[in-house]
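What the coordinates show
Chain by chain, the residues:
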Amino acid sequence: DVKVTQSSRYLVKRTGEKVFLECVQDMDHENMFWYRQDPGLGLRLIYFSYDVKMKEKGDIPEGYSVSREKKERFSLILESASTNQTSMYLCASSPGSYNEQFFGPGTRLTVL
Amino acid sequence: EDKVVQSPLSLVVHEGDTVTLNCSYEVTNFRSLLWYKQEKKAPTFLFMLTSSGIEKKSGRLSSILDKKELFSILNITATQTGDSAIYLCAGYGTSYGKLTFGQGTILTVHP
């Protein structure tokens, strides 16, 4: 079974803090993704990566950056957290460009 | 800009009812449409549809794609309380590896 894990299920941070969200997949997948999920808006793509050290902006990259130093690990960074970044963050991976994406359990981030 | 719209946004039914969830899409160079089920955790994959008119079926769940009219439906027969979840529809188009999601349909099944 594909397993995608995320470093925290729940996280509370203060405005202005730097926040790291970690995602690890164990199936040697090429592609990894970061989404945020908000009520009524569905999942929106923040960034994705199709190879180590490669990254592409998604639909809402502002205020976020990412890092992929190893194939199995994809990190989402909030350089200076703001209250409007309070959300559920979901990581996903897939073996190719147009395959099923496998999701992690999500991190619910609250920024106070 | 690619767009996926789901309806209804929420639905409340009783056990044993049959439900139909709708998904319409406008995706440039459409390749495939995916359905996911999300309970209080990670979305789990249900179906991927690439060809028009072909029904994908798994137990009480089935889905069909109409590429001419640009929509898909997800049917659930004889609903159970365990079917309560958010159902997500998403489409792949030209953009490399990028899935565009709809807003989701929240299904609640009462005993």
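In case you missed it, the structure is sitting above this.
Below, the structure is looked at part by part. Model, not experiment: these values are computed from the prediction.

Overview of the overall build of chain A
Secondary structure summary: chain A contains 0 helices and 11 strands in total. Listing each helix as α and each strand as β along chain A from the N terminus yields β-β-β-β-β-β-β-β-β-β-β. Judged by the C-alpha coordinates and their principal axes, chain A covers about 35 × 25 × 25 Å. Burial analysis of chain A (112 residues in total) assigns 49% to the buried set. For chain A, the computed accessible surface area is about 5,300 Å², with 49% contributed by carbon and sulfur atoms. Positive and negative charge centroids in chain A, built from 15 and 15 side chains respectively, lie 6 Å apart.

Here's the deal with the overall build of chain B
Across its full length, chain B holds 0 helices and 11 strands. Listed by position from the N terminus, the elements making up chain B come as β-β-β-β-β-β-β-β-β-β-β. For a compact globule of 111 residues, the expected C-alpha radius of gyration is about 13 Å, and chain B comes in at 13 Å, within 12% of that figure. The principal-axis extents of the C-alpha atoms in chain B amount to approximately 45 × 25 × 20 Å. The buried share among the 111 residues of chain B stands at 45%. Contacts spanning at least 24 positions in sequence make up 54% of the contacts within chain B whose residues lie at least 6 apart. For chain B, the computed accessible surface area is about 5,300 Å², with 52% contributed by carbon and sulfur atoms.

Quick word on the packing of aromatic side chains
The final tally for this structure, using the stated rule, is 11 aromatic pairs over all chains. Seen in terms of ring centroids, Phe 103 of chain A and Phe 101 of chain B are 6.2 Å apart; in terms of plane orientation they differ by 75°. Their pairing is edge-to-face. Of this pair, Phe 103 of chain A sits in strand E10 (residues 102-103) while Phe 101 of chain B is found in strand E10 (residues 99-101), placing the two residues in two different chains. Take Phe 103 of chain A and Phe 101 of chain B: they sit in the same class, and that class is buried. Aromatic ring contacts, followed pair by pair, group Phe 33, Tyr 35, Phe 48 and Phe 103 of chain A together with Tyr 36, Phe 45 and Phe 101 of chain B into a single cluster.

Observations concerning the interface of chain B and chain A
At the junction of the two partners, chain B supplies 22 residues and chain A supplies 22 residues. Roughly 1,800 Å² is buried in total at the junction of chain B and chain A, and carbon and sulfur atoms are behind 57% of that figure. Contact with chain A buries area across many residues of chain B, yet Tyr 96, Lys 98 and Phe 101 of chain B alone supply 30% of it, more than any other trio. At the surface where chain B touches chain A, the tally comes to 1 salt bridge. For Lys 98 of chain B, the salt bridge goes to Asp 59 of chain A, with nearest N and O atoms at 3.2 Å. Where chain B touches chain A, the interface holds 5 residue pairs in polar contact (both at pLDDT 80 or more). Within the residue set of the side of chain B that touches chain A, elements represented by two or more residues are strand E4 (32-38), strand E5 (44-49), strand E9 (85-92) and E10 of chain B. Counting residues per element, the side of chain B that touches chain A draws most heavily on E4 of chain B, which supplies 3 residues. Taken together, the residues that form the side of chain B that touches chain A break down as 11 nonpolar, 7 polar and 4 charged.

Concerning the environment of Leu 65 of chain B
Residue and element names in this part refer to chain B. Considering the arrangement of structural elements, one finds Leu 65 in strand E7 (residues 61-66). Separated by 19 residues in sequence, Leu 65 and Ser 84 have C-alpha atoms that sit 23 Å apart. Leaving out residues up to four positions away in the same chain, Leu 65 has contacts with Tyr 25, Phe 30, Leu 33, Leu 49, Thr 50, Ser 51, Ser 52, Gly 53, Ile 54, Phe 71 and Ser 72.

Section: the layout of surface pockets
Each pocket or cavity is described by its volume, and for the largest pocket that value is around 580 Å³. Every element with two or more residues in the lining of the largest pocket is listed here: strand E4 (31-38) and strand E9 (87-94) of chain A together with E9 and strand E11 (105-110) of chain B. Per-class residue counts for the lining of the largest pocket are 7 nonpolar, 9 polar and 6 charged. Roughly 400 Å³ of volume is contained in the second largest pocket. What lines the second largest pocket is a set of 18 residues, and nearest its centre among them are Glu 1, Asp 2, Lys 3, Thr 100 and Phe 101 of chain B. Looking at the lining of the second largest pocket, the elements with two or more residues in it are strand E5 (42-49) of chain A together with strand E1 (3-7) and E10 of chain B.

Conventions and cut-offs
- Residues numbered from 1 in each chain as written.
- Chains lettered and ligands numbered in written order.
- Predicted model: local features only at pLDDT ≥ 70, side-chain atom pairs only at ≥ 80, totals over all residues.
- Heavy atoms only, no water.
- Helix = DSSP H or I, 4+ residues; strand = E, 2+ residues; numbered from the N terminus.
- Buried < 20%, exposed > 50% of the residue type's maximum accessible area, 1.4 Å probe, protein only.
- Areas by Shrake-Rupley, 256 points an atom, 1.4 Å probe, with all protein chains shown as cover.
- Lys, Arg positive; Asp, Glu negative; His and termini not counted.
- Charge placed at Lys NZ, Arg CZ, Asp CG, Glu CD.
- Rg over C-alpha atoms; globule rule 2.2 N^0.38 Å.
- Contact = heavy atoms within 4.5 Å.
- Phe/Tyr/Trp six-rings, centres within 6.5 Å; stacked < 30°, edge-to-face > 60°.
- Buried area = accessible area lost by both parts, 1.4 Å probe.
- Salt bridge = Lys/Arg side-chain N within 4 Å of Asp/Glu carboxyl O.
- Polar contact = N/O pair within 3.5 Å; in protein donor to acceptor, adjacent residues only side chain to side chain.
- Nonpolar A, V, L, I, M, F, W, Y, C, P; charged D, E, K, R; others polar.
- 1 Å grid on protein atoms, 1.4 Å probe; cavity = no way out; pocket = protein on both sides within 12 Å on 5 of 7 lines; lining within 4 Å.
- Points joined across faces, edges and corners; volume = space filled by probe spheres on them.

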